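Observations on chain architecture
One letter stands for each residue in the lines below.
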Amino acid sequence: SKETDIVSTIKKSVELFPSGNVTKHLILLTDALPTAGKDPEKETLEEASIAGSKGITISVIGIDLDSKGKELAEKIAELGNGRVYIVKNSEDIDQIILEDYYSLD
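The structure contained in this document is the topic of the report that follows.

Cut-offs applied
Residues numbered from 1 in each chain as written. Predicted model: local features only at pLDDT ≥ 70, side-chain atom pairs only at ≥ 80, totals over all residues. Heavy atoms only, no water. Salt bridge = Lys/Arg side-chain N within 4 Å of Asp/Glu carboxyl O. Helix = DSSP H or I, 4+ residues; strand = E, 2+ residues; numbered from the N terminus. Buried < 20%, exposed > 50% of the residue type's maximum accessible area, 1.4 Å probe, protein only. Pairing = 2+ DSSP bridges. Right-handed = clockwise from strand over helix to strand, strands pointing away. Axes fitted to C-alpha atoms, helices over the stretch in contact; angles between N-to-C directions.

Glancing now at the pattern of salt bridges. Within the structure shown, the criterion is met by 4 salt bridges. For lysine 12, the salt bridge goes to glutamate 15, with nearest N and O atoms at 3.3 Å. Of the two residues, lysine 12 and glutamate 15 both sit in helix α1 (residues 6-16), 3 residues apart, roughly one turn of that helix. With a relative accessible area of 43%, lysine 12 lands in the partly exposed category.

Moving on, we come to the pairing of strand β3 (residues 84-87). Looking down a regular strand, the side chains alternate between one sheet face and the other. Burial along β3 is one-sided: Tyr85 and Val87 are buried, and none of Val84 and Ile86, which face the opposite way, are. Sheet topology note: the strand β2 (residues 57-63)/β3 ladder contains 4 bridges and is parallel. Bridging across to β3, isoleucine 61 finds its partner in tyrosine 85. Each parallel crossover has a hand, and the one from β2 via helix α3 (residues 67-79) to β3 is right-handed.

Reading across the sheet, the 3 strands line up as β1-β2-β3 and stay open at both edges, with parallel pairing between neighbours. Of all the strands in the sheet, just β1 (25-30) and β3 have a single pairing partner and so form its edges. Each neighbouring strand pair of the sheet contributes to a mean axis angle of 15 degrees, computed without reference to strand direction.

Structural data, given as structure tokens:
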């Protein structure tokens, strides 16, 4: 449908991660410009907060983020106790994922 539905992605991660005391970390690969929903940005931040309250950390790998996307990515990562990485070249993504993985406590 050519929509960016970050809310559904985060909701599904909450369902998929086990409830036990294990590392639960979500990496979003996105332009950080949600378009699905009535108020996509607000709904995305609410869902990121819910995930964070369930012990899920969220990092964002932003592809060609504009200023609005960067701002939202930073808020998502803050709510999810994660990090933001900005990439211009898709060849860098593998290395960034490994860096993010090894930075987890």
